Each structure stands twice: as structure tokens, then as C-alpha cells.
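In case you want the letters, here they are:
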Amino acid sequence: MRGFGGSEFSVRRRFRDVVTLADRLSESYRGFFIPPRPDKSVVESQVMHKQEFVEQRRVALEKYLRKLAAHLVIRTSEELRMFLQVQGKLPLSTSTDVASRMLDGAVNLPKQLFGDSRSVVTPHEAVQPAKGGRDLLKKFRELKQSVTNDWGNSRPPAVEEDKEFMEKKEKLFDFETRLTDVSKQAESLVKAQQDMGDTMGELGLSFIKLTKFENEAAILDTQRKRAAELKNIATATVRGSRMYRELNAKTVNNLETLHGYLGAMLAAHNAYSDRANALLTVQTLLSEVSSLQSKADKLEAASSRVFGGDKTRNHKLEELKETMKITEDSKNYAVREYERIKVSSAEKMANLWSKVAEDTRGYVKDSS
Amino acid sequence: MQQNQRSSSSGSSQSPRSPQSQPFLSVSVSDPVKLGNGVQAYISYRVFTKTNLPDYQGPEKIVIRRYNDFVWLRDRLFERYKGIFIPPLPEKSAVEKFRFSAEFIEMRRQGLDLFVNRIASHPELRLSDDLRLFLQADEETMERVRAQDLGIFKKPSDLMQIFKDMQSKVSDVVLGKEKPVEESTPEYEKMKRYIFELEEHLGEAQKHAFRLVKRQRELGQSLSDFGKAVKLLGACEGDSLGKAFAELGTKSEELSIKLQAEAHHLLMSFEEPLKDYVRAVQSIKATIAERATAFKQHCELSETVKLKEINLDKLMLTRSDKYGDAEAEYRELKAESEEATRRFETIVRLMNEEMVRFQEQKTADMGVAFHEFAKGQAHLANSFAGAWRGLLPKLEACSS
């Protein structure tokens with residue numbers, strides 16, 4: 001692929017770097033179905049033998065990176081390239097640094113509370129959902145908005161217009177439930193097949209013992225003939241048992257794919273909450289715009305009653321107009337981001353369906 | 001049933017009766033019906049007899065019998081025909097809730113039918129008065145006779161005790177008996193060993209066969225649940241893929257039904273016959289115990305007679321007045337001893353004949369049972385192959 005400068009390279013990375021990569025990707029590619037990264041699972045590392053744990057983690061990481069590389073959009077990302085190619089320390093700044101987040105938030109809060117327009121954040125930052133410590137005020141506003149949404153008992157207008165999306169979303173989660181069911185049933189099917197194979201094997205063995213015994217003790221010719229026939233049946237039974245075992249091994253392999261899909265469902269869930277958050281941001285900004293507008297109107301009305309204009313009020317009005325413009329820009333950015341997520345969701349959904357079709361076809365064929 | 005066909009042929013070849021009309025005796029056990037209430041409830045069976053034998057009432061007769069009536073017949077035959085392998089009865093006990101399940105009742109009916117048919121086709125047993133009473137008497141008479149004979153016969157537990165005595169040579173020595181009173185010719189040892197080992201092997205095969213029935217049922221259930229889940233999943237899809245999922249689900253459900261049917265067939269036509277032969281071998285063991293008792297009696301009486309003879313000679317030499325009485329006693333004892341010896345020798349002869357007959361029957365019956373097993377498995381495998389093969393082109397078609 002272009003942009004990588006070279007076809008083969010290797011770097012050393014630690015698990016924390018993977019966490020960083022995953023977090024940065026989830027920020028940059030909001031709305032996409034991003035494959036979930038392997039768990040941190042601190043408990044397991046204490047329970048398992050170190051060797052076992054390390055190997056399991058290695059396998060999981062390999063699977064994860066392969067999925068990223070197979071994702072048509074994410075494979076072009078700068079973050080992934082940096083992870084895979086840049087030697088030495090990973091140059092991605094972690095976005096999960098709790099301390100600096102809290103600090104950021106604390107620094108910004110007083111300015112925001114006192115209406116210092118110069119501390120309004122850039123549109124890009126405005127568009128991100130409020131992250132805890134970083135933006136306490138934003139968090140409050142969004143909370144207020146979501147409460148309004150819920151308590152108002154009315155669907156936010158932006159969602160209502162997109163019935164198709166809601167239908168598709170419901171369909172996807174329906175799909176997930178049914179997929180989980182199939183997976184569960186497939187597992188008990190595998191167990192039943194396993195038991196069949198085992199019992200057939202034991203039955204075949206008991207036949208072999210019986211026929212050997214009868215053959216040795218035979219006093220009639222018919223007995224000897226029957227003993228020979230029984231031996232054939234015994235062999236066939238044992239062979240049948242072996243076939244069940246083979247069939248089962250194949251079925252278990254195909255189950256892997258099924259379980260992979262359940263993982264993909266998790267990605268879908270995350271993407272949906274990205275979208276929901278984006279929508280929330282849009283709505284928050286929308287209502288902010290409208291409240292700023294009404295403030296501006298009031299100020300204008302008030303200052304127009306003062307002869308010659310009210311210098312302070314005018315100054316305030318100017319400031320307010322500036323704030324409005326920036327907020328308007330933020331809102332526009334938020335709307336664009338939301339639209340982008342919508343589009344990518346739809347695209348990803350289409351991709352997911354066709355991939356499922358492809359994979360489950362292979363699964364069914366092999367279970368015969 | 002095989003047994004019915006054999007009854008006419010064996011009757012004509014071994015019966016001493018006139019060869020003009022071939023004597024036949026054909027029986028069947030059918031129509032289980034639940035009678036009585038609560039704890040006293042039981043199943044009654046219809047026993048239908050068709051025969052041209054004299055002493056039997058009319059060409060056809062139907063009577064109603066219950067399980068305990070069959071037990072009575074078995075016990076009486078066992079008492080009267082020592083040396084002959086009495087056909088086994090299906091199990092006596094059953095877990096309470098299982099006792100009236102359709103499957104258990106059918107298994108028992110099949111076993112009872114087999115039991116009566118084997119008696120009716122045995123050259124000696126078929127002539128028994130007890131059999132005739134069982135097949136012909138009205139229900140009140142049957143009940144009365146059964147109640148009378150309760151407790152008179154040796155229970156199987158008594159026989160097992162004799163068995164245990166027979167096997168503990170050590171206790172004989174401890175009790176001061178000089179020689180172990182047990183038969184031990186190489187042929188007889190071989191026969192005993194064969195019977196004991198046969199029980200083991202048959203028992204193991206039967207145990208696994210029973211498990212296989214259970215597994216097939218479980219697999220059937222699993223496939224059915226799987227099919228349903230797949231169908232629901234397919235409903236999420238559209239067009240050809242959705243149809244393919246629906247097909248997969250339907251086929252799975254169809255196969256599940258076939259599996260359940262095959263499991264039932266496996267139970268009735270393979271597992272039950274195996275179980276039946278395990279019981280038959282156990283019945284042979286009971287006959288072996290009888291032989292041991294007879295042998296012991298024959299030995300002991302022979303010993304006693306020898307001693308009495310020595311004593312008698314002494315009395316003769318001393319010209320004692322006790323001689324007269326002693327001689328009478330001696331004659332009596334000698335007659336008894338000869339009777340015991342005769343009884344024992346009859347048992348030995350009969351058992352040899354029975355062994356041959358047993359092997360013939362077992363070979364035939366087991367042949368049929370294994371054939372049914374193979375047939376059933378082949379049928380099942382074909383169903384599976386056919387179902388999946390039919391599905392493949394449909395799946396391949398929607399891989400666009």
C-alpha cells in the first residue's frame with residue numbers, strides 16, 4: 001500500500017500502545033464499526049500461567065491488527081500507520097490521560113461559567129462528546145439536553161426524520177439476538193454430536209469384543225458366519241464414530257466465524273452510541289444557538305430603547321454576536337460530523353450484511 | 001414373529017403325535033389396558049390363543065392376564081422342568097412415574113409376547129398343563145390359582161443363594177465337608193465360563209446401545225432447536241439468502257424428526273432384543289444353580305447309601321435283629337438316591353440339548369437385531385446425506 005514507504009517492517013510495541021491506538025481510532029473514526037480491541041483483563045494475567053497468558057494475548061492481538069488492516073477505511077489511517085511503522089516510542093499521544101483531562105476541564109470551567117468568549121473551544125473539539133473531566137460544562141449542558149429529550153417524551157426531531165435508520169438499527173439488533181441464539185444452539189449441537197461420536201465408538205468396541213468372544217466359542221457354522229458379519233458391523237460402527245468426530249471438528253471451526261460476528265456486533269453497538277452522542281451534541285449546540293439568539297434579540301431591543309445606544313450593552317451585543325457566530329460554526333461542524341457518521345453507518349451496515357452472507361454460506365456448507 | 005413360524009415346524013418334527021394334522025399352537029399378547037385406581041392400578045393384556053391341540057378349548061380363545069400371572073407361569077415351569085432354559089420375563093420393577101409410560105408398556109408387552117411364544121414353540125414346554133391353564137382359564141380361576149401358589153415356589157433370591165453356596169468352596173471345607181460337592185468336568189466348566197462371559201459382553205453392548213438411543217434423542221432435540229433458531233435468523237435476511245436459511249432450518253427440523261423415529265426403532269428392534277438375551281442368559285444361570293442343587297443331592301444321597309450299605313453288612317454279619325428294619329431303610333434310601341441320580345442326569349442331558357437350541361436361536365435372533373441396527377443407521381445416514389446434498393446447490397446459488 002502507498003504511504004507506507006516500504007513493503008516489510010517490524011516494530012516492538014507494548015499492550016498499552018494498543019490501547020492508545022484503539023482509543024485514537026475510536027475518536028477519529030466515530031460512527032464506523034471499529035473492531036473491538038482485546039481486553040485488558042488484569043485478573044487473567046494473575047490466574048493463568050504467564051506463558052499461557054502471553055501466548056493467548058499474542059494471538060488475540062494478531063487477530064485484532066489483522067481486522068484493522070482488513071477494514072477498508074481504517075487501514076488508510078495515519079494512526080495505524082504510525083503504530084505499525086514508526087520505530088521506537090509510539091508517537092501517538094494518548095487521549096485517556098485522566099490527570100491532564102481533569103486539569104483541562106478545571107482550567108476551562110471558570111472561563112466558561114463567566115462567559116469568556118475568548119475561551120470558546122474550536123469547532124473540532126466542540127464536536128467531540130464531552131469527556132468527563134475535560135469539559136465539565138459541556139457535560140452539564142449535554143446532560144440537560146438529554147434529560148429534556150427524555151422528559152419531553154418526544155423524539156428529537158433529527159431522529160424522527162430518519163425512520164429508515166431506526167428501522168435498520170432495530171433490524172441489526174434483532175439480527176444480533178438471533179445470531180446469539182443460533183450460536184448457542186450450534187454449541188449444544190456440537191456437544192450432542194460429540195456425545196454421539198463417543199457412544200458410537202464405545203458401542204463399536206463392545207461389538208468387537210462380543211464377536212471375538214462368540215467366534216472363539218462357536219459350535220455351529222451359522223455362528224461363525226454371524227460372527228464375521230457382526231465384525232463388519234462393529235467396524236462400520238467404529239468408523240461412524242470417527243466420522244462424527246471429524247464432523248464436529250469442522251463445525252467447531254465454523255463456529256469461530258459465528259463468534260467473530262458477535263464481536264462485530266460489539267463494534268456496531270459502539271458505532272451506534274457514537275452516532276447517538278453526535279446527535280446529542282448537535283441538539284445541544286442547536287438549542288445553544290437559539291438561546292444565544294434570543295439573548296441577542298433581547299439586548300438589541302433593550303439597547304434600542306436607550307438613546308444613542310447603550311455602550312456597555314452594545315459591547316455585550318458585539319461579544320454575543322461573536323459567540324453566536326462561533327457557536328453557529330460549531331453547530332454546522334457538528335451537523336456535518338453527524339451526517340458523516342450517518343453515511344458511514346449506512347455504508348458499514350451494507351458491508352456487514354454482505355460479509356455475513358459470505359461467511360455463513362461457508363459455515364452451512366461445512367456442517368453437512 | 002419368527003417364533004410362530006418355528007412352532008409349527010418344530011411341533012411336527014419333535015412331537016410324538018399323529019402326523020396327519022400338524023399340531024400348532026400360536027399365541028399373542030396385545031392390547032395393554034390400564035385397570036384399577038391409584039396405587040392398585042395395573043396393566044392388563046389380551047392373550048390370544050389359536051390352536052388345534054386337544055385339551056384346548058376351541059380353535060381360538062382370548063383371556064385377560066396381568067404381569068403377575070406371567071410370573072406365576074414362569075415360576076411353575078421353572079419348578080417343574082428342571083434342566084430346561086425357561087424363557088425370561090421382562091423386568092419386574094420400574095421407577096414409579098415410568099411405569100405407565102407408553103414406551104415402557106410397549107417394551108413390556110413385546111417382552112411378554114416373546115415369552116409366551118417361546119414357551120409355545122418349545123417341544124416340551126408347550127405340552128405343559130400350566131401353560132394350558134394360563135392360556136385357557138378364566139380370570140377368577142387364574143387369580144385363585146396364583147394366590148394359592150404364592151410363596152410356595154423358590155424365589156429368585158433363593159436361587160442366588162444356592163449359587164453363592166455353590167461358589168464358596170472355602171465354606172464347605174470350613175464346615176467339615178471332606179470333598180467340595182461340586183461338579184467339575186472340563187466340558188461343564190467350559191459351558192459355565194461361556195455363560196458368565198456371554199452375560200458380560202451382551203450386557204456391555206446393551207448398555208451402550210441404550211446410551212446410543214439417548215444420544216440420538218438428544219441430537220434430534222438439538223437439531224430441532226438449531227433449525228428453529230436458524231429460521232429466525234433467516235427472517236432477518238432477504239431474497240435468496242433468507243430462503244437458504246429457511247431451507248436449512250426446515251431441513252434441520254425434518255432430520256430431527258427422523259432422528260427421533262430412528263431412536264425409537266433402535267430401542268425396540270435392537271436394544272430390547274439385546275436386553276432380552278441378557279435376561280435369557282440370567283435364566284440359564286438359574287438352571288445352572290438348579291443343576292448344582294441336584295448334583296449335591298445326588299452326591300449326598302450316594303454317600304449316605306454307601307454308608308448304610310456298609311452298616312447293613314455289619315448287621316448281617318452280627319445277625320442283629322435290627323437287620324430287618326435297617327434293610328427296609330436301606331432299600332428306601334437306595335430308591336431315593338437312584339431317583340436323585342436320575343434327576344441329575346436328566347438335567348445334564350436336557351441342558352446339553354438346550355445349549356444347542358439356545359445357540360441356534362440366539363444366532364438367528366441376534367442376526368435379525370443387528371440387521372435392524374445396520375438398517376436403521378444406514379437409513380439415518382442416507383437421510384442426512386440427502387438433506388444436505390439437496391441444500392448445497394441452493395446455498396451455492398446465493399453466493400453472488
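Under an unreviewed UniProt entry, the name given to chain B is PX domain-containing protein, and the source organism is Chenopodium quinoa.

Identification of chain A as PX domain-containing protein from Chenopodium quinoa is taken from an unreviewed UniProt entry.

Tallying secondary structure elements over chain A gives eleven helices and zero strands in all. Element order for chain A, N to C, with α for helix and β for strand: α-α-α-α-α-α-α-α-α-α-α. Partitioning the contacts of chain A with sequence separation of at least 6, the portion at a separation of at least 24 is 80%. Total accessible area on chain A stands at roughly 21900 Å², and carbon and sulfur atoms take up 55% of it.

In this section: the interface of chain A and chain B. Residue-level contacts link 45 residues of chain A with 46 residues of chain B. Looking only at chain A, the three residues that lose the most surface to chain B are Arg178, Met196 and Phe213 of chain A, adding up to 14% of its buried area. One can count four salt bridges joining chain A with chain B. Its salt-bridge partner being arginine 215 of chain B, residue aspartate 195 of chain A comes within 3.8 Å of it at the nearest N-O pair. Where chain A touches chain B, the interface holds ten residue pairs in polar contact (both at pLDDT 80 or more). Mapped onto the side of chain A that touches chain B, the elements with two or more residues apiece are helix H9 (163-217), helix H10 (221-305) and helix H11 (311-366) of chain A. Per-element tally for the side of chain A that touches chain B: the top contributor is H9 of chain A, with 26 residues. Here the residues of the side of chain A that touches chain B sort into 23 nonpolar, eleven polar and eleven charged.

With that out of the way, let us pick up empty space enclosed by the protein. Residues and elements named next belong to chain B. With the rule as written, the count across this model stands at four cavities of 30 Å³ or more. Estimates place the volume of the largest cavity at around 200 Å³. Forming the walls of the largest cavity are 14 residues, and the residues nearest its centre are Phe85, Pro87, Arg118, Phe358 and Gln361. Among the elements of the structure, helix H9 (239-317) and helix H10 (323-397) are those that each provide at least two residues to the lining of the largest cavity. For the lining of the largest cavity, the per-class residue count stands at eight nonpolar, three polar and three charged. Both domain 1 (1-155) and domain 2 (175-400) contribute no fewer than three residues apiece to the lining of the largest cavity.

Here we come to the pattern of salt bridges. Going through the model one piece at a time under the given rule, you end up with 48 salt bridges over all chains. The closest approach of N and O atoms between lysine 209 of chain A and glutamate 204 of chain B, which form a salt bridge, is 3.2 Å. With lysine 209 of chain A in helix H9 and glutamate 204 of chain B in helix H8 (residues 186-236), this residue pair bridges two chains. By sharing partners, the salt bridges in this structure join Glu55, Arg58, Glu62 and Arg66 of chain A into a single network.

With that settled, the discussion passes to the pairing of strand E1 (residues 25-35) of chain B. All names here are of chain B. With nine bridges joining them, E1 and strand E2 (residues 42-51) adopt antiparallel strand pairing. Bridge pairing in E2 places valine 33 opposite serine 44. Hairpin geometry of E1 and E2 is characterised by an intervening segment of six residues between the two adjacent antiparallel strands and by a positive phi of about 80° at glycine 36.

Turning next to unusual backbone geometry. Residue and element names in this part refer to chain B. The phi dihedral of aspartate 31 falls on the positive side, at around 50°, and the residue is not glycine. Along the polypeptide, aspartate 31 turns up in strand E1. A positive phi is found at aspartate 55, a non-glycine position, where the angle reads about 75°. Of note, aspartate 55 is situated in the loop between E2 and strand E3 (60-66).

Turning next to the nonpolar core. Formed by 82 residues in total, the largest nonpolar core has its most connected members in Phe207 of chain A together with Leu198, Leu202, Phe270, Phe358, Phe370 and Phe373 of chain B. Only H9 and H10 of chain A together with H8, H9 and H10 of chain B provide two or more residues apiece to this core. Broken down by element, the residue count for this core peaks at 20 residues, all from H9 of chain B. Core analysis: the next-biggest nonpolar cluster, separate from the first, contains 34 residues, Leu25, Phe78, Ile86 and Ala120 of chain B among them.

Once that is clear, we can look at the side chain of serine 121 of chain B. Within the fold, serine 121 of chain B resides in the loop between helix H3 (102-120) and helix H4 (129-136). At a separation of 3.0 Å, a polar atom in the side chain of serine 121 of chain B contacts the main-chain carbonyl oxygen of asparagine 117 of chain B.

All names here are of chain B. The element E2 is largely enclosed, with a buried count of seven among its ten residues. Note: E2 against E3, seven bridges, orientation antiparallel. Note that in E3 the partner of arginine 46 across the bridge is isoleucine 64.

Looking now at the sheet that holds E3 of chain B. Residue and element names in this part refer to chain B. Within the open sheet, the three strands sit side by side as E1-E2-E3. Their pairing is antiparallel. Each edge of the sheet is formed by a strand with only one pairing partner; in this case those strands are E1 and E3. Neighbour-to-neighbour, the strand axes of the sheet open up by a mean angle of 20°, direction not taken into account. In this fold H4 packs onto E1, E2 and E3, with an angle of close to 90° to the strand it touches most, E3.

Parameters at a glance
- Residues numbered from 1 in each chain as written.
- Chains lettered and ligands numbered in written order.
- Predicted model: local features only at pLDDT ≥ 70, side-chain atom pairs only at ≥ 80, totals over all residues.
- Heavy atoms only, no water.
- Helix = DSSP H or I, 4+ residues; strand = E, 2+ residues; numbered from the N terminus.
- Contact = heavy atoms within 4.5 Å.
- Areas by Shrake-Rupley, 256 points an atom, 1.4 Å probe, with all protein chains shown as cover.
- Buried area = accessible area lost by both parts, 1.4 Å probe.
- Salt bridge = Lys/Arg side-chain N within 4 Å of Asp/Glu carboxyl O.
- Polar contact = N/O pair within 3.5 Å; in protein donor to acceptor, adjacent residues only side chain to side chain.
- Nonpolar A, V, L, I, M, F, W, Y, C, P; charged D, E, K, R; others polar.
- 1 Å grid on protein atoms, 1.4 Å probe; cavity = no way out; pocket = protein on both sides within 12 Å on 5 of 7 lines; lining within 4 Å.
- Points joined across faces, edges and corners; volume = space filled by probe spheres on them.
- Domains from an automatic or database assignment.
- Pairing = 2+ DSSP bridges.
- Core = buried A, V, L, I, M, F, W, Y, C linked by side-chain atoms within 4.5 Å.
- Buried < 20%, exposed > 50% of the residue type's maximum accessible area, 1.4 Å probe, protein only.
- Axes fitted to C-alpha atoms, helices over the stretch in contact; angles between N-to-C directions.

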